Amino acid sequence: SLPKQVKIVEVGPRDGLQNEKENVPAEVKTELVNRLTSAGFQNIEAAAFVSPKWVPQMATSADVMAAITRKPGVIYSALTPNMQGFEAALAARADEVVIFGSASEAFSQKNINCSIAESIARFEGVARAAKEKGIRLRGSISCAFGCPYQGEVPLDAVADVVARMRDLGCDEIDIADTIGVATPRKTQAVMERAIGQFRVDGLSGHFHDTYGQALANIYASLELGISIYHSSVAGLGGCPYAKGATGNIATEDVLYLMQGLGIETGIDLDIVVDAGQYISQFLGRKSASRAGNAIAAK
Ligand code: HMG
Ligand code: MG
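Procedures and definitions
Residues numbered from 1 in each chain as written. Chains lettered and ligands numbered in written order. Predicted model: local features only at pLDDT ≥ 70, side-chain atom pairs only at ≥ 80, totals over all residues. Helix = DSSP H or I, 4+ residues; strand = E, 2+ residues; numbered from the N terminus. Rg over C-alpha atoms; globule rule 2.2 N^0.38 Å. Buried ≥ 20, exposed ≤ 12 C-beta atoms within 10 Å, placed from the backbone. Near = placed C-beta within 6 Å. Contact = placed C-beta atoms within 7 Å. Core = buried A, V, L, I, M, F, W, Y, C linked by C-beta atoms within 7 Å. Expected span 1.5 Å × (residues − 1). Pairing = 2+ DSSP bridges.

Peer 1: I keep staring at the overall build of the protein chain and nothing clicks. Help me out?
Peer 2: A tally of helices and strands in the protein chain yields 12 helices and 8 strands. For the protein chain, the C-alpha radius of gyration of 17 Å lies close to 19 Å, the compact-globule estimate for 298 residues. Counting only C-alpha atoms and orienting by the principal axes, one finds that the protein chain spans roughly 50 × 40 × 35 Å. Looking at the protein chain as a whole, 53% of its 298 residues qualify as buried.

Peer 1: I tried to follow the site of ligand 1 on my own but got confused; where do I start?
Peer 2: V50, S51, G85, S142 and T178 are the nearest of the 25 residues found near ligand 1. Among the elements of the structure, α4 (83-91), α5 (105-112) and β5 (136-142) are those that each provide at least two residues to the shell around ligand 1.

Peer 1: Whenever I open this one, helix α9 (residues 214-223) confuses me. Can you help?
Peer 2: Within α9, burial applies to A214, N217, I218, A220, S221 and L222. Residues of α9 that are buried make contact with β6 (172-177), α8 (184-195), β7 (203-207), β8 (228-231) and α10 (251-261). Taken from the residues just after α9, G225 is the one with a positive phi, measuring 90°.

Peer 1: Looking at this model, I keep getting lost on the nonpolar core. Mind explaining?
Peer 2: Note on soluble globular proteins: their nonpolar side chains tend to be buried together. A46, A78, V97, I141, A144 and V158 are the most contacted members of the largest nonpolar core, which totals 87 residues. The contact partners of V158, leaving out residues within four places of it in the chain, are A103, I141, A144, V153, V190, R193 and A194.

Peer 1: Whenever I open this one, helix α2 (residues 26-39) confuses me. Can you help?
Peer 2: Counting along an α-helix, one turn takes 3.6 residues, and residues three or four places apart therefore face a common direction. For α2, which comprises 14 residues, the first-to-last C-alpha distance of 20 Å matches the rise-based estimate of 20 Å (1.5 Å per residue) to within 8%. Along α2, the positions that sit buried rather than exposed are K29, T30, L32, V33, L36, T37 and A39. The secondary structure elements touched by the buried residues of α2 are β1 (7-10), α1 (12-16), β2 (43-48), α3 (61-67) and α11 (269-283). Following α2 by one or two positions, G40 has its phi on the positive side, about 110°.

Peer 1: Would you explain the pairing of β7 in this entry?
Peer 2: Successive residues of a regular strand alternate their side chains across the two faces of the sheet. Within β7, 5 of the 5 residues are buried, which leaves it mostly tucked inside the rest of the structure. With burial as the criterion, each face of β7 is covered, one bearing L203, G205 and F207 and the other bearing S204 and H206. Both β6 and β7 contribute to a ladder of 5 bridges, which runs parallel. For I175, the partnering residue across the bridge sits in β7 and is G205.

Peer 1: For this particular structure, what's the right way to read the environment of G262?
Peer 2: In this fold, G262 is placed in the loop between α10 and α11. Since 8 C-beta atoms lie within 10 Å of it, G262 is described here as exposed. Between the alpha carbons of G262 and Q5 there is a distance of 8.6 Å; along the sequence they are 257 residues apart.

Here it is, written out as structure tokens:
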């Protein structure tokens, strides 16, 4: 049987917007996060403390974290590739820091400029500091289903990085389809290996929808008991280091699926639809969420 309830982590303000060419002002990001907070998310990925030369759109992360209206109990997460990022996240009062590695050597080099082994060594300091400060620690594993640079990613490589993230003390580990190439049986094969290394209730599915497979992959993951999913309002997104990859699966579409399956999320779909229309209007394009557009047209 499928889980009775799931946690949806809204990643639009970070993963969704990081690749936008036009600067999205901190005020707009703040308004988006505030709307998402009022929709009832327990966890919103709001910032990335990364090099502004690498990802210019995230340069306003500290301003956004300072300006948002925080709801008690909601986890506002920030990406932290190294100690410099961690210090910034600490100053910005992030509730959770995210170390992000990859199951693909080639992608690790392109995205964070080091090998997988070097990244784990770099994360050790961040992990230790997070524990000392009592901040939640999440590990994200890119290209767990395929890589834009090396193609196939071995199942053993995914299992190995999951084990390393576990040993670093991660509270949660994301299995990410960065370029959206997975299909359901493949999804289950990868997730089974992840479950072999970490608590099933601490694993999350982070699916991009490049090939239109993300909802099917979420369903396949639900069948294995995975109960945390990442999604992006209006289907925003695309990774700067994964050419051609489109956004995360749209949050509205995931919520519609969960409602239909009778799975609790605690999130108000109508408020999310409004938030999706708000940010899409700002960006000057139609929302990528099928459910969002259908509901908005009613
Ligand atoms: P590097 O060049 O090897 O770092 O980059 P470095 O330590 O040699 O430092 C070089 C310069 O960067 C220095 O500045 C540092 O101060 C600065 P300079 O002296 O030249 O003026 N710097 C920083 N500035 C701000 N914040 C920091 C920071 N660290 C160094 N934390 C680094 C290594 C990791 C920093 C770089 O490669 C980087 O920032 N990469 C960002 C990659 C990124 O954000 N990618 C997108 C997010 S991952 C993703 O989207 C996937 C995910 O969604 C899951 C999925 O779908 O797969 C999570
Ligand atoms: Mg992503």
